[in-house]
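Take a look at the letters that make up each chain.
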Amino acid sequence: RHRGKLNAALQFAERALRIEQRYKDAEDPAKTHLHYAVLLSMAKRHEEALEHLETAIAVLHDEEAASDEGSLELGTGAGLNPVQQQRREELVHALAVSYYNMWVELKQ
């Protein structure tokens with residue numbers, strides 16, 4: 001996207017989404033939706049960007065709910081092993097970015 005190849009970037013992101021939909025145990029589908037939403041926004045396709053941001057947020061919340069370790073509230077998570085703590089931090093970060101991007105899209 002930084003080299004003026006937005007259409008190519010969109011096509012690759014769409015392929016990535018199709019692959020992730022085919023394989024249910026994809027590593028981080030929320031991140032793919034988040035990145036795709038950014039590209040859609042750059043292409044002035046704001047409604048579609050919002051849809052993918054909503055999907056990213058839903059996936060992140062589903063992952064949170066599936067976790068045996070409780071909520072993502074800051075300050076919780078005592079007793080988590082380092083891998084669990086890192087994943088918790090990644091989820092919090094991805095949620096913050098997703099909600100911020102949604103706010104930006106809603107201003108469009």
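Residues numbered from 1 in each chain as written. Predicted model: local features only at pLDDT ≥ 70, side-chain atom pairs only at ≥ 80, totals over all residues. Heavy atoms only, no water.

### Points about the layout of surface pockets
Part 1: Taken as a whole, the largest pocket holds about 170 Å³ of empty space.
Part 2: Within the residue set of the lining of the largest pocket, elements represented by two or more residues are helix H2 (29-42) and helix H4 (82-107). (1 Å grid on protein atoms, 1.4 Å probe; cavity = no way out; pocket = protein on both sides within 12 Å on 5 of 7 lines; lining within 4 Å. Points joined across faces, edges and corners; volume = space filled by probe spheres on them. Helix = DSSP H or I, 4+ residues; strand = E, 2+ residues; numbered from the N terminus.)

### What to know about helix H3 (residues 46-66)
Part 1: With 21 residues, H3 should reach 30 Å at 1.5 Å per residue; the first-to-last C-alpha distance of 30 Å fits that figure.
Part 2: Considered for burial, the residues of H3 that qualify are His46, Ala49, Leu50, His52, Leu53, Ala56, Ile57, Leu60 and Glu64. Here the buried residues of H3 occupy an arc of 170° about the axis, which is enough to place them on one side. Along H3, the residues that are exposed and aim more than 90 degrees away from the buried face are Glu47, Asp62, Ala65 and Ala66.
Part 3: Considering only its buried residues, H3 is in contact with helix H1 (6-22), H2 and H4. (Expected span 1.5 Å × (residues − 1). Buried < 20%, exposed > 50% of the residue type's maximum accessible area, 1.4 Å probe, protein only. Arc of directions from axis to C-beta. Contact = heavy atoms within 4.5 Å.)

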